Amino acid sequence: MSQPTIESILNEKRLFAPPADFVQKARINSPEAYQALYDKAKADPAGFWAELAETELHWFQKWDQVLDWQPPFAQWFVNGKLNITHNCLDRHLTTWRKNKAALIWEGEPGDSCTLTYAQLHREVCLFANVLKQLGIKKGDIVGIYMPMIPEAAIAMLACARIGAPHSVVFGGFSAEALRDRLNDGQAKLVITADGGFRKDKAVPLKAEVDKALANNAAPSVENVLVVQRTQEKIPMEPGRDHWWHDLRQGVSAVCPAEPMDSEDVLFVLYTSGSTGKPKGVVHTTGGYNLYTHMTTQWTFDIQDEDVYWCTADVGWITGHSYIVYGPLSNGATSLMYEGAPRASNPGCFWDVIEKYGVTIFYTAPTAIRAFIKMGEHLPNGRDLSSLRLLGTVGEPINPEAWMWYHKVIGKERCPIVDTWWQTETGGHMLTALPGAIATKPGSACMPLPGILADVVDLEGNPVPDNEGGYLVVRHPWPSMMRTVYGDDNRFRRTYWEHIAPKDGQYLYFAGDGARRDGDGYFWVMGRVDDVISVSGHRLGTMEIESALVSHGAVAEAAVVGKPDDLKGEAIVAFVTLEGDQIPNDALAQELRQHVVAEIGALARPEEIRFSEALPKTRSGKIMRRLLRSLASGQEVFGDTSTLEDRSVLDKLREGA
Ligand code: WTA
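As annotated in an unreviewed UniProt entry, the protein carries the name Acetyl-coenzyme A synthetase and is attributed to Prochlorothrix hollandica PCC 9006 = CALU 1027. Among the UniProt annotations of the protein, the heading Catalytic activity (unreviewed entry) holds the following wording: "acetate + ATP + CoA = acetyl-CoA + AMP + diphosphate".

What follows is the structure, encoded as structure tokens:
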């Protein structure tokens, strides 16, 4: 079982109609209803989004103009004023939802808590006032480096409440990676915890923050706010480090939501690309609020009775859009789980579903592949009858894994929404609408209303049905990224210039290859750039290469992905050494550790292959295509005539 191959999905003919009882309750409940909405949005995008912004969100002040599009820079709801936390919290307090569960949280050791909308509102206001006391003002960037505890969501919302953009860094990233991100955004404050519980261990976080800040290496950071979670003993630096439980004492829980301009930055979130250091993807307030709100409704058809669980970490875009902002804006109940399947309880996910009566379950194909390996007896031993909808995100799902999910978890009665989107898109772009569109295993189905997705060639011409091409979007949408933080040129180069603008029309190119079938279904084939996806996490090959060459023993490195049953792709690094170095297992191990220290455990190379030289073109470019074939044990096909020195390839082959 690996990534879907072209053959496997070309042969995929199965079609699953939305179940009748699902359709009965659904907001969008027929193919015609979907088509009508899609056509309406296409005919008048500005009118379409304006109507939804008016009816679905609360604005302190209405906009003057729906869309100002100066390609590739878009502004939505120009001069509109709102605060996303008002939409996520305050407006529910005047309704019966005041005492409805907003967040249900379960910790890995089995502790748990539920926060109603009223309680969450109070906690957010209190937290926001503490941020103010620490000198945080509108426009200051705040780093968040947290385990999956309620305070992670509370901290994000507190930042948004006072207009301080948050920059959440996934807790699995190393101190080095954290420092780079804090420096890029000039963060003034870091919010963290002593640690978190994951896979039967207390994982330290504050220690990583200390390393990141040591020797004044992140000079913009003035304070560190620490939430107590694991109760491990940690050093606190006087004047810089503060316990959240100390600072909150006696602080007022009244904090009005700051009126934000629709285009004020809500957050920056770093993601890997094919070149250079990670990019700070910038999202702004109004468009992001509207689009995550609408897609949570459309894709999950979320209802008041639902207990919705997205298993992502808040450190990723999925956690931002579909644990925190989208569900809360809709007044839904969002479940957060700290833990992961682990030796002491491999079936913990199914325990959580049974315990809380989860109705909507949203996870990643890599997790599904791991569940398959752990065995059906685990989910079969739990009552999963509360489930009514399943979702996947992060990478293509192979039809076999889809079928397992459908049968073993969904008991053949839950639709599956395979959602294709990116950090950059802010929200879902392609998916099935569960009450309207019949699903095909392995297909991310159709574009959402307002999303003019297409498959084109490098000149921007649509390719015929069933032929592969580049997945692009033709018209701006409300939650599209606005720029790369501090680097408009990089934004333009990375997303808008690979495919030439045609007839004045700019195409957003996402980095993925895709194919559309004769029924209009999209099949995402995976990245066509130098980005690999390990367990659904994006990593740039260049980033890992830079980490490797920063080790004194390494002269040159080239990193590629090879297919992996569980992770989708595994990292293989081809390394040439400095003259005096001797290749051996100990050095390979040291290099792996070095990458972990530079980036994080998620980037650890599975294989290090030492080589005397790397295959290059005459112009000096490393031929990754050849290395990819070698790494996956395939014969090297295709054109090798541009190779500068053929003997390099022969040697690599012998070494394999
Ligand atoms: C991949 C995660 C196929 C894709 C939300 C994209 C997918 C990258 C799917 C973005 C899917 C995400 N089918 N591929 N349903 N969802 N991807 O920024 O390659 O972490 O470009 O956002 O994940 O990853 P990111």
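## A short note on the sheet that holds strand β23 (residues 453-456)
Overall, antiparallel pairing links the four strands, which are arranged β23-β24-β25-β26 in an open sheet. The open sheet has two edge strands with one neighbour each: β23 and β26 (522-527). Strand after strand, the sheet turns through a mean of 45° between neighbouring axes, direction not considered. Sheet topology places strand β25 (residues 508-516) next to β26; five bridges connect them, and they run antiparallel. By the bridge assignment, Arg 515 is partnered in β26 with Trp 523.

## As for the layout of surface pockets
The calculated volume of the second largest pocket comes to roughly 370 Å³. Around the second largest pocket sit 21 residues that line it, and Ser 274, Thr 494, His 498, Phe 509 and Asp 529 are the ones nearest its centre. Listed by contribution, the elements that provide at least two residues to the lining of the second largest pocket are α17 (488-496) and β25. In terms of residue count, α17 provides more of the lining of the second largest pocket than any other element does, four residues in total. Across the lining of the second largest pocket, the residue classes break down as seven nonpolar, seven polar and seven charged.

## Quick look at the pairing of strand β24 (residues 469-473)
Of all five residues in β24, four are buried; the element is thus mostly enclosed. As paired elements, β23 and β24 share four bridges and run antiparallel to each other. Bridging from a neighbouring strand, Ala 453 pairs with Val 473 of β24. Bridge count between β24 and β25: four bridges; the pairing is antiparallel. When the sheet's bridge partners are listed, Tyr 470 is paired in β25 with Gly 513.

Rules used in this analysis
Residues numbered from 1 in each chain as written. Predicted model: local features only at pLDDT ≥ 70, side-chain atom pairs only at ≥ 80, totals over all residues. Heavy atoms only, no water. UniProt positions renumbered as here; feature names shortened; annotations may be inferred. Pairing = 2+ DSSP bridges. Helix = DSSP H or I, 4+ residues; strand = E, 2+ residues; numbered from the N terminus. Axes fitted to C-alpha atoms, helices over the stretch in contact; angles between N-to-C directions. 1 Å grid on protein atoms, 1.4 Å probe; cavity = no way out; pocket = protein on both sides within 12 Å on 5 of 7 lines; lining within 4 Å. Points joined across faces, edges and corners; volume = space filled by probe spheres on them. Nonpolar A, V, L, I, M, F, W, Y, C, P; charged D, E, K, R; others polar. Buried < 20%, exposed > 50% of the residue type's maximum accessible area, 1.4 Å probe, protein only.

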